[in-house]
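# Per-entry structural report
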Amino acid sequence: MAPPLKDELDIVIPTIRNLDFLEMWRPFFQLYHLIIVQDGDPAKTIKVPEGFDYELYNRNDINKILGPRASCISFKDSACRCFGYMVSKKKYIYTIDDDCFVAKDPTGKDIDALAQHIKNLLCPSTPLFFNTLYDPYAPGADFVRGYPFSLREGVPTAVSHGLWLNIPDYDAPTQLVKPRERNERYVNAVMTIPKGTLFPMCGMNLAFDRDLIGPAMYFGLMGDGQPIGRYDDMWAGWCVKVICDHLGLGVKTGLPYIWHSKASNPFVNLKKEYKGIFWQEDIIPFFQAVVLPKDCDTVQKCYIALSQQVKEKLGKVDPYFIKLADAMVTWIEAWDSLNSGGAAVANGKPKK
């Protein structure tokens, strides 16, 4: 039997190294198409285990495909993964980091993270009214007494945000004061993040409906030549959430878990995060106050409107945000150039 959404989902993996980790995921990933975005030196050869269907893009390919617009894709940062979102032709995307392994549930069974993400995406969200039994559509649960019947149909789910066992996704200061902390708590729950509530989106175990929200999944300008790093997925999450709220779409968090195998260096992380730690005290109130015009009825229109507000309001915090706002517009132009009328990517390197 074919796995769910086999021909409707791409798995996007950013990497700088050989993808040996795929061996562990073979039972779950092998029948799906992979898009590998190679960061760093394009002259380096990335080895992929035999038997996977994939295409691989390095920096030279990105420059060739996007031309001058390639400036919006980060270099030497996992934010480059969003190029994979752009060139995909599938309805759904699952993205995972190469240091994430298969986790086990409390019974010792391997967790099929992709299958759970698909369940989350194919099931409605309930952002307008919180259900105290979490996901009311899960087996053994339902809407509790007092939940309005008029809201029980829910809304389409745009994003499924998964979690991690072992190494938690902490910022550098927390890493430094809790170097040995590990997440061993498996919470068997999926919940919708309420409308009007922001959240810190982690990109290492994430799935989304590309048709519903894809153009907003831009991971910003990070890494080489930029004053900030490790805020790529955060930025995308904040943009995505306000646009989902505006368009009446849902975002879920919780299951599935993956096993995050290694902690990154907290001192290196602190250098990358330093400005962001201060800036987010302005960024969060900005996103909390964002109101998108009523005539913004597509993700692209919402994103362009949001970029204008970023330039106008966050540009006063630091000139970086003016550059970021311009890159947001470039990203939408690049997205539309590759995705209008089913335009094919001619310069990629399909491999098997």
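Residues numbered from 1 in each chain as written. Predicted model: local features only at pLDDT ≥ 70, side-chain atom pairs only at ≥ 80, totals over all residues. Heavy atoms only, no water.

Going by an unreviewed UniProt entry, the protein chain carries the name UDP-arabinopyranose mutase and comes from Miscanthus lutarioriparius. Database annotation for the protein chain, UniProt heading Catalytic activity (unreviewed entry): "UDP-beta-L-arabinofuranose = UDP-beta-L-arabinopyranose". Within the UniProt record for the protein chain, the comment given under Sequence similarities (unreviewed entry) is "Belongs to the RGP family." (UniProt positions renumbered as here; feature names shortened; annotations may be inferred.)

Locating Asn166 in the fold gives a position in strand β6 (residues 157–166). At 2.9 Å, the side chain of Asn166 and the backbone oxygen of His260 are in polar contact. Residue contacts for Asn166: discarding those within four places in its chain leaves Glu181, Arg182, Asn183, Trp259, His260 and Ser261. (Helix = DSSP H or I, 4+ residues; strand = E, 2+ residues; numbered from the N terminus. Polar contact = N/O pair within 3.5 Å; in protein donor to acceptor, adjacent residues only side chain to side chain. Contact = heavy atoms within 4.5 Å.)

With that settled, the discussion passes to the UniProt feature "glycosylation site" (unreviewed entry) in the protein chain. Residues given the UniProt feature "glycosylation site" (unreviewed entry) here are Arg145. The topology assignment puts Arg145 in the loop between α4 (113–122) and β6.

The next point concerns the pattern of salt bridges. Where charged atoms of side chains with opposite charge meet at close range, the side chains can pair. Taken as a whole, this structure holds 14 salt bridges when the rule is applied. Measuring nitrogen to oxygen at the nearest pair gives 2.8 Å for the salt bridge that ties Asp98 to Arg17. With Asp98 in the loop between β4 (92–96) and β5 (100–101) and Arg17 in the loop between β1 (9–15) and α1 (22–29), this residue pair connects regions lying 81 residues apart in the sequence. For Arg17, a relative accessible area of 33% gives the class partly exposed. A salt bridge links Glu333 to Arg69; the nearest nitrogen and oxygen atoms lie 3.7 Å apart. (Salt bridge = Lys/Arg side-chain N within 4 Å of Asp/Glu carboxyl O. Buried < 20%, exposed > 50% of the residue type's maximum accessible area, 1.4 Å probe, protein only.)

All right, on to α1 then. The α-helix winds at 3.6 residues per turn, so residues separated by three or four positions along the chain end up facing the same way. The complete set of buried residues in α1 reads Leu22, Trp25, Phe28 and Phe29. Along α1, the residues classed as buried sweep out an arc of 100° about the axis, all on the same side. Structurally, α1 contributes buried residues whose contacts are with β1, β2 (33–38), β4, β5, α4 and β9 (250–260). (Arc of directions from axis to C-beta.)

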